[in-house]
Amino acid sequence: MTDSLFSSLALRGTELPNRVMVSPMCQYSSEDGMPNDWHLVHLGSRAVGGAGVVMTEATAVSPEGRITPGDLGIWSDEHADALSDIAAFVRGQGSVPAIQLAHAGRKASKTVPWEDSLPIGADDGGWETVAPGSEPYPYESEETAATREMTADDVETVIDDFRAAAERALDAGFEIAEVHAAHGYLLHEFLSPVTNRRDDDYGGSFENRTRLVREVTAAVREVWPDDKPVFVRISATDWLPDRESWDVEQSARLGPLLADAGADLIDVSAGGIHPDQQVPEPGPGYQVTYAERVKENTDIAVGAVGGITEAEQADQIVRNDRADLAILAREHLRNPYFSLEAAHELDEDVEWPVQYQRGTFE
């Protein structure tokens, strides 16, 4: 039988009820990394809406790993305790609760997007940013913030921070942990020759540039239960064809290495390393071909993102074996109940929350 959007998907001992995932989407609405009612309602309503996997926004593994002061965090037991109610609610609606573990690297310590995403100085509550090298992120406004090149001890600290964050995420009740290695943040900065010019074991060759993401993935896998999956999100390409950069063929080559490190699904996105990126016209499914290429080269599952907005479109991505998960971001902002509507459009029989059954489609 051909898999469809509403086929279940078994990853290790965890069964996803369908192939729709709510993509991690930063809300920039925390204080000191703590979740609040906004996060409960935002994530909970997408679970009520029928998505198979509901994933948190990028959740910082350390205070300095936040993109902005409004980012979610999990660097303490108090954060894990506060997140546990959200994980429990998502699970209670039949969805799988997932968390994205992240470090922003040189793109940290900036204002929230509706305040122009500009670097924050130390006098205004900002913090030191770290990266593979000392070159700061080149904001389009030409403003920059000092960035410190990471030492070998810093690298070990980051690995330890991801491991500890995964342990806390497990205690909080999450069933999937995703390592964020995309969108120009720290682990992507190590992957890309645009930002990684190191001459030690973490720079230079493909093997060295991929070392940190492999070690972080292995560290998360080490503390994550054998019956629960680990995801890794990558940017398949830097969208920088005019210079040496990270590209789709390197991403395809990375796939089996991530599988060896313990990943069960690669969440394939793109871009974010540099403002010079040449983004293709964002039409329907404009990044799905990247997921296809990675899938061709690995035996583990793959998720596709980018311009997925329609039920039939998402269903065909799965039916045609282009990807194993359809991962939707903006469409879930517009419609938290995408999955319930998609099931109706595809003539699939899914269970609605009893509180909403009077609203089922005729």
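Residues numbered from 1 in each chain as written. Predicted model: local features only at pLDDT ≥ 70, side-chain atom pairs only at ≥ 80, totals over all residues. Heavy atoms only, no water.

Okay, the pairing of strand 9 (residues 176–181) next. Where burial is concerned, most of strand 9 is hidden: 6 out of the 6 residues are buried. Both faces of strand 9 are covered, namely the face carrying Ile176, Glu178 and His180 and the face carrying Ala177, Val179 and Ala181. Pairing analysis gives 4 bridges linking strand 6 (residues 96–102) to strand 9, with the strands arranged parallel. Bridging from a neighbouring strand, glutamine 100 pairs with glutamate 178 of strand 9. Examined bridge by bridge, strand 9 and strand 10 (residues 230–235) share 5 bridges and lie parallel to one another. For alanine 177, the partnering residue across the bridge sits in strand 10 and is valine 230. (Buried < 20%, exposed > 50% of the residue type's maximum accessible area, 1.4 Å probe, protein only. Helix = DSSP H or I, 4+ residues; strand = E, 2+ residues; numbered from the N terminus. Pairing = 2+ DSSP bridges.)

Moving on, we get to the pattern of salt bridges. Across all of its chains, the model carries 21 salt bridges by this definition. Of the charged contacts, one joins aspartate 264 and arginine 221 as a salt bridge, the two residues approaching to 2.9 Å between their closest N and O atoms. Of the two residues, aspartate 264 is situated in the loop between helix 7 (248–261) and strand 11 (265–269) and arginine 221 in helix 6 (residues 211–223); the sequence distance between them amounts to 43 residues. The burial state of aspartate 264 is the same as that of arginine 221; both residues are buried. Across the pair aspartate 321 and lysine 295 runs a salt bridge, and its minimum N-O distance is 3.5 Å. Here aspartate 321 is found in the loop between helix 9 (311–319) and strand 13 (325–328), whereas its partner lysine 295 is found in helix 8 (residues 288–296), with 26 residues between them in sequence. (Salt bridge = Lys/Arg side-chain N within 4 Å of Asp/Glu carboxyl O.)

Let us now look at helix 2 (residues 77–92). An ideal rise of 1.5 Å per residue puts 22 Å on 16 residues; helix 2 measures up with 23 Å between its terminal C-alpha atoms. Within the sequence span of helix 2, burial applies to His79, Ala80, Leu83, Ile86, Ala87 and Val90. Residues of helix 2 that are buried make contact with helix 1 (37–48), strand 4 (53–60), strand 5 (72–73), strand 6 and helix 3 (152–172). Positive backbone phi, at 95 degrees, marks glycine 94, one or two positions downstream of helix 2. (Expected span 1.5 Å × (residues − 1). Contact = heavy atoms within 4.5 Å.)

Turning next to the pairing of strand 10. Counting buried positions along strand 10 yields 6 of 6 residues, so the element is predominantly enclosed. Going residue by residue along strand 10, you find Val230, Val232 and Ile234 tucked away on one face and Phe231, Arg233 and Ser235 tucked away on the opposite face as well. Strand direction decides the pairing type here: strand 10 and strand 11, joined by 5 bridges, are parallel. Each residue of the ladder has a partner; that of arginine 233, found in strand 11, is aspartate 267. For the crossover from strand 10 across helix 7 to strand 11, the handedness is right-handed. (Right-handed = clockwise from strand over helix to strand, strands pointing away.)

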